[in-house]
Amino acid sequence: MPDGGPLPGGTLVDNFRLTRPIARGGMGEVYLARDQRLGRRVALKVVRAESLADDDARQRFLREAQLTAQFNHPHIVTIHDVGEWQGRPYLALEYLEGQT
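For the structure given in this document, a descriptive report is provided here. (Residues numbered from 1 in each chain as written. Predicted model: local features only at pLDDT ≥ 70, side-chain atom pairs only at ≥ 80, totals over all residues. Heavy atoms only, no water.)

1. As for the side chain of Arg48
Rule in force here: Each helix is a run of H or I in the DSSP string that is no shorter than four residues. Each strand is a run of E no shorter than two, and both are numbered from the N terminus. Throughout, exposure labels follow a simple rule: accessible area from a 1.4 Å probe, protein chains only, divided by the maximum for the residue type, with under 20% read as buried, over 50% as exposed, and the rest as partly exposed. Under the rule applied, a polar contact is a pair of N or O atoms within 3.5 Å (in protein, one hydrogen donor and one hydrogen acceptor; residues adjacent in sequence only if both atoms are side-chain atoms). Contacts are residue-level and defined by heavy atoms, with any inter-residue pair within 4.5 Å sufficient.
Within the fold, Arg48 resides in the loop between β4 (40-47) and α1 (55-69). We classify Arg48 as buried; its relative accessible area is 11%. Within the structure, the side chain of Arg48 is placed 2.4 Å from the backbone oxygen of Gly25, a separation counted as a polar contact. Arg48 has contacts with Arg24, Gly25, Gly26, Met27, Gly28, Glu29 and Arg88, leaving out every residue within four places of it along the chain.

2. Concerning the nonpolar core
Put simply, the rule is: Buried residues of nine kinds, namely Ala, Val, Leu, Ile, Met, Phe, Trp, Tyr and Cys, make up a nonpolar core once their side-chain atoms join them within 4.5 Å.
In this structure, Leu7, Val13, Phe16, Leu18, Tyr31, Ala33, Val42, Leu44, Val46, Trp85, Tyr90 and Ala92 together form the largest nonpolar core, which totals twelve residues. Secondary structure elements with two or more residues in this core: β2 (16-24), β3 (28-35), β4 and β6 (88-94). Per-element accounting of this core gives the leading share, three residues, to β4. Excluding residues within four positions of it along the chain, Phe16 makes contact with Thr11, Ala33, Arg34, Asp35, Val42, Leu44, Asp81, Tyr90 and Ala92. Listed in part, the ten residues of the second largest apolar core include Val47, Leu52, Ala57 and Leu91.

3. Side note on α1
Stated formally: Given a helix with a known number of residues, its expected span is that number minus one, times 1.5 Å. The arc under discussion is defined with respect to the helix axis, by the directions toward the C-beta atoms.
An ideal rise of 1.5 Å per residue puts 21 Å on 15 residues; α1 measures up with 22 Å between its terminal C-alpha atoms. Where α1 is concerned, the buried positions are Ala57, Phe61, Ala65 and Thr68. Each buried residue of α1 lies within a common arc of 80 degrees when the element is viewed along its axis, so the set occupies one face. Projecting away from the buried face of α1 at angles above 90 degrees are the exposed residues Asp55 and Gln59. Residues of α1 that are buried make contact with β4, β5 (79-85) and β6.

4. Concerning the packing of aromatic side chains
Where we set the bar: Side-chain rings of Phe, Tyr and Trp (the six-membered ring for Trp) are treated as a pair once their centres are within 6.5 Å; stacked means planes under 30 degrees apart, edge-to-face means over 60, and tilted covers the remaining angles.
Per the stated rule, a full pass over the model turns up one aromatic pair. On the basis of an interplanar angle of 70 degrees and a centroid distance of 5.9 Å, the ring pair of Phe16 and Tyr90 is categorised as edge-to-face. Remark: Tyr90 occurs in strand β6 and Phe16 occurs in strand β2; sequence separation between them is 74 residues. Tyr90 sits in the buried class, given a relative accessible area of 2%.

5. Some points on unusual backbone geometry
A positive phi angle is found at Asp14, which is not glycine, with a value near 55 degrees. Here Asp14 is to be found in the loop between β1 (12-13) and β2. With relative accessibility at 39%, the residue Asp14 sits in the partly exposed group. Of note in this structure, Gln86 is not a glycine but carries a positive phi near 50 degrees. Looking at Gln86, the relative accessible area reads 46%, which means it is partly exposed.

Note that all results are geometric; they support no functional claim without further evidence.
Here it is as structure tokens:
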């Protein structure tokens, strides 16, 4: 598993094939990816390897997923999946084109 930099395009994270990086934040990276099972594009948010030393970071990430999943609103993305790949938690989110 690469440390520090973005994961390369083509990487398979469970059933999500990464296309390209979209953004990098305080504890994670977001990639455009394709759900291989359902054939749809998703935004895949993956916790960065260097953030994994902090158990609080894992808990915050999971809590973010749980809170977001409680809402159904046109201005809040839908969570399609949550999982862990090579020890790194991830969220598969609805992909919306446009500006950040």
